[in-house]
Structures are given as structure tokens and as C-alpha cells.
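Remarks on the overall topology
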Amino acid sequence: MERNRPHLIINGPGQAVAFQAKVNGQTKHPSDVPNRRAHALALLRAIDGLGDPSEQGRPGVYLEIEARPNEPFVTKSLDSSGLHLLRVDAAAENGAAPARATVFASPTGVANLRRKVEAFQDEDTPKGRPKNADLVQSIKAIVEAGLRALWRSPAAKFPADDGATHPWEIWLDRSEADHFIANARGLGIRFEGGEGQAGGGRLEFPEDVVVVGHATHAQIAGAVRSLGIVKALAAPTVLSDYFDGMPPDEQAEWAQAMERLLQPPAAADPRYITLLDSGVGLNHPLVRPYLDPVDRHAAEPGWGLDDTHGHGTQLAGLALYGDLLPLIQSNLPVHVRHRLESAKIIPDAGQNPYHLLGDVVLKAINAVEANAERGRTFSMASTTDQDTPHDGAPTSWSSEIDQLAAGVSGDRRLQRLFVISAGNIRDQGRFEGADYLSVCDDLDHEIESPAQAWNSICVGGYTDKARLPAGSTGYPVAPMGDLSPSSRTASWSRHWAIKPDVVMEGGNWIQDGPPHPMNHAALSLLTTDHRYPRRSLTTTADTSAATALAAKAVTELWEDYPALWPETIRAIFVSSARWTQQMKTHLPANPSKGDFAKLFRRYGYGVPDQARARRSAVNALSLIVQDTIIPYRPSATAGADPVHNQMKFFELPWPRNALRALAAAEVTLRVTLSTFIEPNPSEAARGSKFRYASHNLRFKLNRANENQAQFKARINKLADDPDAEAVGDNDGWVYGRNRRDVGSLHIDELRCAASDLAQRNMLAVHPVAGWWKSKSTQNVDQRTARFALVVELDTGDVETDLYTEIEAAIAAMNAAQVQVVV
């Protein structure tokens, strides 16, 4: 459903409850269909309706297979025995529509699929289950696929069926490409570069050949139907290298044309992205409208404010517009609501002494904040390898970032939001002859300091850029949707915070024979050049680019909810992230909790979804609360360490009747808890997450049939020994406590029947050990910690309106000022 509703923000604190004294991987199968024979007969009729492709003179038939609602979609058997799985609709898997798979079936494949359904109808396994039960019981319908089932670009770019000729990017099986091109020409399709041969409009990848054909709907549909070799269709685009290679005067014309399309910011008090980098040039026409001369600063008074390196101006373009490639070609009005500040931390000559890196950032932030009081997102794409290996433990620089974020450092004592790059792999020679992911995962390429800071958003790189210009040799290193080759990964799987938090577009590399892969403009992002007017446009990539994109997305989110805290915005943004289908190919078929460690180390929580971050839908909504807690109090025993003081309880305003009406339909609950800790970077504390953080918070959800008294008693038992999780506490949670209970940002998902969730409506936030809970801490009962909760409820394919009922319940609660909230 469309995400067009604001998130639901609940006012008022949670119910504070004092602590009491201490008291001494599942395999998923589709559910059984109500009527085995009727289900099989319906699918057999659908298969028979397709006809026999061989009798029709066709090599096969494209199938669109729709999954049963709210059931696991078992697609493994759709890629064997004459069946070739081309794609699974990722948007459908995220709950936007029923899950669907596009499959090409040869005549043998059609016959084999029919036999599988017949066997399900009439035969049992030795264990008494119907044969092929997982496959057949996960399918709702089978129909012949249309062109849209093969479309891999955004739906809005699908050509109109108006009888006109349109360009189509056609993805072909490498072994059959020449056959398709030769025969498609006879159907009236015209290929760029003549006959679509190598060097003339044809792109070659390890498994695919891509050509651009000009055809009507009828022509392309006829070719797909009669030739059966097309793996995907997409919208052809101009690549970044096209603009990067332009003469200066042509580049300037494009930039000036886009400048005329810039719309003035609507907000009277806009938010700012503060670039902690090499400075930003003022004269570029696409930067100048959003950067006032008085908003350029430097850590040291003697440094110039211009950008002599070019890096800062490149990131300025991305922070304002994102990748310029689609915008500069669109000829549409450009709306940018936020503005820029520059805080120079990289000198024009030489480099900062390693031991002063934290101090340089502190001085730069003080200079910016002394100029004006405004809402800021601090974006920093500067890291160091001098601290490696740190294995996730805090360093002086990362600790200073944590202090600045928590508001205990700097001239102004306020919480701040930092977006920091994971750092880049600089030695491309290491990739020679090696699988690129194994190089990225190498311990030598761990995330660089200060990106392991607990309170910041660490940004790694992934890529959707896998298309090279016509005539190029070689192939992209990373497949579409996977890790950018330059992106560093975490060397740790437990104990310290999950990093990176998210990944954004970081570009790709090209492998074109020995000795090693290289950057390529077509696989990079288009942005502004600091040398204007000598050059207006350039390309950039890596985790620096990804960080600028993240800063833009975070700031746009914050513009929608300006009253929210930095720790709340962090929670919403990171919680919106999901792994791509390509990332999930690195998981086994039925992953256990431990199998997710590899994905967390590479991709964090995945790629943020800006639509999910900014808006709710009627059946996929986010509840947000901001609250405080006093985690510890002095012990009644003289000389003893402080004890736990309170926990906060929240009653989730579930529409119980509506959830019970959904019965066994699977729903997803995603809970995110975010707080900013005050760091203790002493050497002893570096070895313990409980001694580094001022306070550590955890969330718990009551179990089905567990009342409030039982729930509170269970938390009391766990608080003093957070590693002694009670048996069964992780039931239903996807990631589990080993991945959830680290750092200062905790996220987990629960998938269960809607009727069960109706009973699981109590959420608690409670403290465990931190350095505030020590004898040396003064006034411990006056130390307050802020935290944010984001609770996402998603019914997936089930169309139901939970939003309206929850919205009404929250309005009543807020009006009555009842202290029972999300």
C-alpha cells in the first residue's frame, strides 16, 4: 500500500517501574492448503491453459507465479528441471504486493512442473507429507507473464503502449544473445550500434549480454514470446562517463541549465548538512545557492576556506542532490529544502597529526556552532588507518565522536547527529585473482576509526551500478545489489556495536584483465567539480560518496520531523534499512541467527528505504516515542555499587480485535531502541562494552499469555546478568540477542501470527550495567538518559487498515495524558 501517512508520534513518558530485589532456527514451510486436491486441480488447469510451447513453435513460455498470501515463498524448485528463475519481486517481499516470481519454462519445464503438481495431488513421502508440498503449497496462481514481469527498472519508466517505438535495454543469456539479435531484427527491432555486435552497443557481463533495441510494445512482446531468450528488460540510461568526458563548455551548459530549474527552499528555518571535509568552493552554480559565504569555517584560523583538493565540493553536490545523473537529464524542477555548511578539517598541505584528529574535529564543530544555532547533520568522510587493527574497540577519535554526539564535549552541550564513512580499501592490487568479497572481509580491511563510534551512523558502500558503456571491455567487479569493492567491513561479529549501520551507493569497479580492478566513471556518481568553470561536472565514488548520500537522506527525514531528537532520527533511518536480494544470496536456505553475522559485518542493516523512513502506510506503520530514564540509584548498602533504579513500561496500542481477525496471517514487528551513551575510553574500559558506555539499555516484549507481573519479574532476573538470557526469550526474534544487544542502537524483528501479536502488547526498556553504575560515580540518581523507541508493524500482503484505529487510540491517550504509551 502507498506510504502516505505521517508516522505516529506518542507524547508523554512511559510508566516508570522500580526494580525489585533480585530473585535467587526454525525451518519454514508453507501451511497446508485447506483442500489438497482442489488446490492441485486449480494449478493443473492453469498449466494446461498455457498450452504446449513446442506445438506453438516456441522455445518455452514465461510464467508469472504468485505466492499464497502470508506464506513462505519456496522458489528453489523453480530454478531446475527446465525451469529458469529470472527474478523474485523484491517489492512484493517487502509487503507492497503479493510475492511473485518470473520463470522461463521450456517445454520440458512445463511438463515437469505439471508432474510435480500431480505428484502433490496423489502421492505422499515416506514421512506422510504430500510430495513437493513446499513448492506447490507456496503457489497461489500461475499465469503467462507479460512484459512488466521482466521489467527491472522503476515502474514509472515502463514505456507507454502507444504504438510508438521506444528504446528497451534487453538483458540476454550470453550463450543465446547472437541468436536473439539476428532473429529480432527480422521482427522489426533496431539495435543501437548496427547489429548489436561487440563494440557497437553491446555490453558483456560474465553471464549476460545487454543490448539496446528500439521497438514497439508489440514488437518486443513478439520477440520475447517467440524467441524466449530475454532475461530482463530495463530503461536505457546515459552513464556518468558521458558527462565526465564532455568538453568544459558543454558541461557548463548542462550545469547552467539545471541551475535555472532550482527552486528556492520553502522552509524559513531550513536544516543544514555540515560537511567536515576539505572545504567547499563557492563559485559553482549548483552549490552557490545553498552555501552562504559566512557558513564556511575551518578548524584552524590560518587555513583557507576554499577547496583545493576537490573532495569537499564533490560531496557537497551529492549532499544537495544525490547522484546528479538522473536529475541533470530530467529537465524537471529541482527542490532542495536543506542548505550546506562547510567545516574544514583537512588542511590544503600536509595532514593533521594523528593524535590531534579528535581535537581538529572538536575545533571545527565549535567554530560552526559559534556562528549560528540551527539544526545540523554532521557528515564526515575522513577516517584513519593509524588505529587499525582496533577490532571494534573504541579509540581516542571514536570516543571523541561519541562525546560530541552525546553532548558532553564541545562549547555547546547538545546532542549531535554524525554520519561517518566506513573507510575505503586503497590497495586495489590486493584484488588480483581473488574473490572481491573475501578481500573486503579480510581482517586487514576492517572499518577505519572513528567509524566504530557507538553514537554515529557508520555508512558503508553497496552498488546498483553494473552497466558499462557500449564498446567497453571487461566487466563490473560487484554484482548489482552487493557490496561496493572499496567498502571496508567489520572484523568483529560480537561484543562491539554493529558497523556499518547502513550502506548507500558507493559505485563499482571494472575488471579488464590483469593486473587488478580499477575505478570507472560509468560506475561512479556524477557530482559537482571544484574547478568550475574549467570543469563543472566530475565523478566520485566509494564510502565518501555513500556518506554524503546518507547525510542527504537523514536530513530530508529530519525536515519531515524537526522536533525529533538526533537519536530518534538515527533510529528511524537505520531501522528503515533492509538487505537486497543479492545480499541475501549469501545466506543459507534456512538461516539461523548466527548466519546473519556475515551480512551485518558487510552491510549493517542494509540499504535505507527513504519511503519507509519518512512515511507510514495503513497496514505498515511506525510508532515513535521519546522518553528518559534514570537507570541507577545509590545502593542501600554502604560502600556498595549503585543498583538498578527503574525500567520503563509501554503498552502498545494494538487494535486487538483487528489483529485477532487476521488470525494466522503473519505480521512483522520491528523494534528499534536508540540512546546516546557517554563514553569512558580508559584502557580498562576498552575491553568491556559495559565499562565503556555510561549506561546500557535493553528492550523486551512480553510473551503470549505473559501478564504484566510475570513480565516485570522476568526483567528483574535478567537486568543484573544481561548475558544470562532466559530460555525461550529469543523465540520468534530474527536476529537474536547476540546481534541485538550491542552498541547504543538495538534492532530486531519478530514474525508471528497476528492473533499472537494481539497478546504481545507490552514493551519494556530497562538498564543493564554501565560505568555510571560504579562507586566512583557522583549523584548517580540524577543522571538521566534519553532514549527513542521506533516500533514498526507491517501486515505484509494483507490489506487492512490498522493505522486509523491506532491513530485514534493515541489521540485519546495524548488528550487524557495517560502515562501508558508505546
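Let us look at the structure shown here. Just so it is clear, the structure is predicted and the values come from calculations on it, not from any experiment.

Within the fold, Gln121 resides in helix α3 (residues 107–122). The contacts of Gln121, once residues within four sequence positions are left out, are Arg36, Arg37, Ala40, Leu41 and Leu44.

Omega for the bond connecting Ser449 with Pro450 falls within 30 degrees of zero, at 10 degrees, which places this linkage in the cis form. In this fold, Pro450 is placed in the loop between α13 (436–440) and β19 (457–463). Of note, the bond from Lys499 into Pro500 is cis; its omega dihedral lies within 30 degrees of zero at -5 degrees. Take Pro500: it is sitting in the loop between β21 (482–483) and β22 (502–505). Despite not being glycine, Ala663 has its phi angle at roughly 55 degrees, a positive value. Its relative accessible area of 37% is what places Ala663 among the partly exposed residues.

This part takes up the environment of Val212. Within the fold, Val212 resides in strand β10 (residues 208–215). Overall, Val212 belongs to the buried group, its relative accessible area being 5%. Note: C-alpha distance between Val212 and Thr777 (565 residues apart in sequence) is 68 Å.

Glancing now at the pattern of salt bridges. A complete count under the given rule lists 45 salt bridges for this structure. In this structure, Glu556 and Lys552 form a salt bridge, with 2.9 Å as the shortest nitrogen-oxygen distance. Here Glu556 and its partner Lys552 are both found in helix α14 (residues 542–560), four residues apart, which amounts to about one turn of the helix. With respect to class, Glu556 is no different from Lys552; both count as buried. Here Asp560 makes a salt bridge to Arg614, at a shortest N to O gap of 2.6 Å. Here Asp560 is found in helix α14, whereas its partner Arg614 is found in helix α18 (residues 610–614), with 54 residues between them in sequence. Each of Arg337, Glu559, Asp560, Arg614 and Arg615 takes part in one network of salt bridges that share partners.

With that out of the way, let us pick up the environment of Val439. Along the chain, Val439 turns up in helix α13. Taking C-alpha positions, Val439 is 19 Å from Asp387, a pair spaced 52 residues apart along the chain. Those residues within four positions of Val439 in sequence are excluded, and the remaining contacts are Ile425, Arg430, Phe431, Ala434 and His445.

Here we take up the layout of surface pockets. Over the atoms a probe the size of a water molecule is rolled, and this reveals where empty space is left. When its volume is computed, the second largest pocket comes out at roughly 650 Å³. Around the second largest pocket, the lining comprises 32 residues; the ones closest to its centre are Gln351, Ser382, Thr383, Thr384 and Arg426. Secondary structure elements with two or more residues in the lining of the second largest pocket: α11 (357–371) and α14.

A few words on helix α9 (residues 311–321). Within α9, ten of the eleven residues are buried, which leaves it mostly tucked inside the rest of the structure. Within the sequence span of α9, burial applies to Gly312, Thr313, Gln314, Leu315, Ala316, Gly317, Leu318, Ala319, Leu320 and Tyr321.

What follows is about the sheet that holds strand β2 (residues 15–18). The strand order β2-β30-β34-β32 describes an open sheet built from four strands, whose pairing is antiparallel. In this open sheet, the two edge strands, each paired with only one partner strand, are β2 and β32 (696–701). On average, each strand axis in the sheet is tilted by 25 degrees relative to the strand beside it, whichever way the strands run. Pairing geometry for strand β30 (residues 646–651) and strand β34 (residues 762–768), over four bridges, is antiparallel. Bridging across to β34, Lys648 finds its partner in Val765.

Our focus in this paragraph is the sheet that holds strand β31 (residues 666–674). Taken in spatial order, the five strands of this open sheet run β1-β27-β35-β31-β33, and their pairing is mixed. Every interior strand has two partners, whereas the edge strands, β1 (8–10) and β33 (745–753), have only one. The sheet shows a mean angle of 15 degrees between the axes of neighbouring strands, direction not considered. As defined by bridge partners, β31 adjoins strand β35 (residues 785–794) across seven bridges and the pair is classed as antiparallel. Note on β35: the bridge partner recorded for Thr672 is Val790. With respect to the sheet, helix α15 (residues 566–575) is in contact with β27 (620–629), β31, β33 and β35, its orientation differing from that of β35 by roughly 30 degrees.

Let's shift gears to the packing of aromatic side chains. Overall, the coordinates contain 24 aromatic pairs when judged by the stated rule. With centroids separated by 5.6 Å and ring planes inclined at 15 degrees, the aromatic side chains of Trp579 and Phe596 adopt a geometry described as stacked. With a gap of 17 residues between them, Trp579 in the loop between α15 and α16 (581–584) and Phe596 in the loop between α16 and α17 (597–603) connect regions that are remote in the sequence. Here Trp579 matches Phe596 in class, with each residue buried.

Taking burial as the measure, the nine residues of β33 include eight buried ones, the bulk of the element. Here β31 runs beside β33; their pairing, made up of nine bridges, is antiparallel. By the bridge assignment for β33, Thr668 is matched with Arg751.

This part covers helix α12 (residues 396–406). An α-helix turns once every 3.6 residues. As a result, residues three or four positions apart point the same way. The buried fraction of α12 amounts to nine of the eleven residues, a majority that puts the element mostly inside the structure. All buried positions along α12 are accounted for by Trp397, Ser398, Ser399, Glu400, Ile401, Asp402, Leu404, Ala405 and Ala406. Directly beyond the C-terminal end of α12, a positive phi value near 85 degrees is found at Gly407.

Once that is clear, we can look at the pairing of strand β7 (residues 166–173). With six of its eight residues buried, β7 lies for the most part within the structure. Here β7 runs beside β10; their pairing, made up of eight bridges, is antiparallel. Looking at the pairing, Pro167 lines up with His214 of β10. Two elements, β7 and strand β11 (residues 230–234), share four bridges in a ladder whose sense is antiparallel. Each bridged residue has a counterpart across the sheet, and for Leu172 the counterpart in β11 is Val230.

What counts and how
Residues numbered from 1 in each chain as written. Predicted model: local features only at pLDDT ≥ 70, side-chain atom pairs only at ≥ 80, totals over all residues. Heavy atoms only, no water. Helix = DSSP H or I, 4+ residues; strand = E, 2+ residues; numbered from the N terminus. Contact = heavy atoms within 4.5 Å. Buried < 20%, exposed > 50% of the residue type's maximum accessible area, 1.4 Å probe, protein only. Salt bridge = Lys/Arg side-chain N within 4 Å of Asp/Glu carboxyl O. 1 Å grid on protein atoms, 1.4 Å probe; cavity = no way out; pocket = protein on both sides within 12 Å on 5 of 7 lines; lining within 4 Å. Points joined across faces, edges and corners; volume = space filled by probe spheres on them. Pairing = 2+ DSSP bridges. Axes fitted to C-alpha atoms, helices over the stretch in contact; angles between N-to-C directions. Phe/Tyr/Trp six-rings, centres within 6.5 Å; stacked < 30°, edge-to-face > 60°.

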